[in-house]
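Read off the chains here:
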Amino acid sequence: MIDCLTGKILKKTLDTVVISCGGIGFAVQVPTAVGEALPAPGREGTVYTVMNVTENDVSLYGFATEEQRACFKMLISVSGVGPKAGLSILSIMTPEKVALAASSGDHKAFTKASGVGPKLAQRIALELKDKVGKGLASGAGFAAGAVEAPPPSSAPAQAVAALVALGYSTSDAAQAVARIDENLPVQDIIKIALRGLSRA
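These numbers were taken from a predicted model, which means no experiment stands behind them.

1. Description of the overall build of the chain
Step number 1: Helix and strand counts for the chain stand at 9 helices and 5 strands.
Step number 2: N-terminal to C-terminal, the α/β element order of the chain is β-β-β-α-β-β-α-α-α-α-α-α-α-α.
Step number 3: Here the chain holds 200 residues, and 42% of them are scored as buried.
Step number 4: For the chain, the exposed surface amounts to about 10400 Å²; the carbon and sulfur share of it is 53%.

Structure, rendered in structure tokens:
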């Protein structure tokens, strides 16, 4: 398996990056956000990859971070979610937004991705709810097997972790935080979420 590719970026489009490693140009399909985040052609870059082998095709899917890759693997583990749907979801959502939507049961967030209908979105939210809820509450996100969970990196993730520490379920905490502007400071998100939870 190819874990990551580091090399000169030869070509970049919204959904594909060609990266030269050892004289070989690897075509890697990427979510839109990853294509935008990578350096311009001619510069060095790294993509973390997932190789998908079928009887007719060998494809590489690339991500800017290991967390995005872990999120993609978790998404395609859901019955009915293929690589294209996984890339489509990660083109419009960060891994933390995927975790918040899944743990709060917000299946409508997934329907915004191209190729994801209401039934598939409900299945994603249902199957990932417990898996991502535990990681989100601990701050580990999608990092599987982390010995010690790193602190949550975004304000919403920090707020969910704080609410869980106060005794709220991951699902309730994620649902309360998902309705709040993620650009607010963590303390404000927690205060607003606590007000909403106390009314429930």
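2. A closer look at the packing of helix α7 (residues 155-165) against helix α8 (residues 170-178)
Step number 1: At a minimum axis separation of 9 Å, α7 and α8 run at an interaxial angle of 140°. Considering the angle they form, α7 stands oblique to α8. Between α7 and α8 lies a crossing of right-handed hand. Contacts between α7 and α8 pair Pro156, Ala159, Val160, Leu163 and Val164 from the former with Thr170, Ala173, Ala174 and Val177 from the latter.
Step number 2: Its residues assigned to classes, the contact of α7 with α8 shows 8 nonpolar, 1 polar and no charged.

3. What to know about the pattern of salt bridges
Any two side chains of opposite charge can pair, on the condition that their charged atoms come close.
Step number 1: Under the defined criterion, the tally for this structure stands at 3 salt bridges.
Step number 2: In this structure, the salt-bridge partner of Asp3 is Arg69, at a minimum N-O distance of 2.8 Å. A residue pair is termed long-range when its members are at least 10 positions apart, and Asp3 in the segment before β1 (4-12) and Arg69 in helix α2 (residues 66-76) qualify at 66 residues.
Step number 3: Asp3 gets classed as partly exposed once you look at its relative accessible area, which sits at 40%.
Step number 4: Using a relative accessible area of 7% as the deciding quantity, one classes Arg69 as buried.
Step number 5: One salt bridge connects Glu66 with Arg69, and the closest N-O pair in it is separated by 3.6 Å. With Glu66 and Arg69 both in helix α2, this residue pair falls 3 residues apart, about one helical turn.

4. Here's the deal with the packing of aromatic side chains
Step number 1: One pass over the full model with this rule turns up 2 aromatic pairs.
Step number 2: Consider the rings of Phe63 and Phe72, whose centres lie 4.9 Å apart with planes at 40°: the pair is tilted. As far as the burial class goes, Phe63 and Phe72 line up, both buried.
Step number 3: An aromatic cluster is built from Tyr61, Phe63 and Phe72, whose rings are joined through pairwise contacts.

5. Some words on the pairing of strand β3 (residues 24-29)
Step number 1: Direction of pairing for strand β2 (residues 16-21) relative to β3: antiparallel, over a ladder of 6 bridges. Note that in β3 the partner of Cys21 across the bridge is Ile24.

6. Things to note about the confidence of the model for the chain
Step number 1: When pLDDT is averaged along the chain, the result is 85, and 89% of the positions lie at 70 or above.
Step number 2: In the predicted structure, residues 144-151 sits below a pLDDT of 50 and forms 6 contacts with residues beyond four places in sequence or in another chain.

7. Focus on the pairing of strand β5 (residues 58-63)
Step number 1: Counting buried residues along β5, 5 of its 6 residues qualify, which places the element largely inside the surrounding structure.
Step number 2: Note that strand β4 (residues 44-53) and β5 share 6 bridges and pair antiparallel. Bridge pairing in β5 links Val50 to Tyr61.
Step number 3: Taking the residues between adjacent antiparallel strands as the criterion, β4 and β5 are bridged by 4 residues.

8. Focus on the nonpolar core
Step number 1: Leu75, Ile89, Val98, Phe110, Val116, Ile124 and Leu128 are the most contacted members of the largest nonpolar core, which totals 28 residues.
Step number 2: Breaking this core down by element, the ones donating at least two residues are β5, α2, α3 (83-92), α4 (95-104), α5 (108-111) and α6 (118-138).
Step number 3: Among the elements that make up this core, the one with the highest residue count is α6 (6 residues).
Step number 4: The next biggest cluster of nonpolar side chains, apart from the first, holds 15 residues, and it includes Leu100, Val160, Ala174 and Ala176.

9. Considerations on the packing of α7 against helix α9 (residues 186-199)
Step number 1: Direction vectors running N to C along α7 and α9 enclose 50°, while the axes themselves pass 9 Å from each other. The orientation of α7 relative to α9 falls into the category oblique. For α7 against α9, the interelement crossing comes out right-handed. The residues of α9 that touch α7, namely those facing Ala155, Pro156, Gln158, Ala159, Ala162 and Leu163, are Val186, Ile189, Ile190, Ala193, Leu194 and Leu197.
Step number 2: In the contact of α7 with α9, the residues fall into 11 nonpolar, 1 polar and no charged.

The rules behind each value
- Residues numbered from 1 in each chain as written.
- Predicted model: local features only at pLDDT ≥ 70, side-chain atom pairs only at ≥ 80, totals over all residues.
- Heavy atoms only, no water.
- Helix = DSSP H or I, 4+ residues; strand = E, 2+ residues; numbered from the N terminus.
- Buried < 20%, exposed > 50% of the residue type's maximum accessible area, 1.4 Å probe, protein only.
- Areas by Shrake-Rupley, 256 points an atom, 1.4 Å probe, with all protein chains shown as cover.
- Axes fitted to C-alpha atoms, helices over the stretch in contact; angles between N-to-C directions.
- Parallel < 35°, antiparallel > 145°, perpendicular 65-115°, else oblique.
- Left-handed = near helix turned anticlockwise from the far one by under 90°.
- Contact = heavy atoms within 4.5 Å.
- Nonpolar A, V, L, I, M, F, W, Y, C, P; charged D, E, K, R; others polar.
- Salt bridge = Lys/Arg side-chain N within 4 Å of Asp/Glu carboxyl O.
- Phe/Tyr/Trp six-rings, centres within 6.5 Å; stacked < 30°, edge-to-face > 60°.
- Pairing = 2+ DSSP bridges.
- pLDDT = per-residue confidence, 0-100.
- Core = buried A, V, L, I, M, F, W, Y, C linked by side-chain atoms within 4.5 Å.

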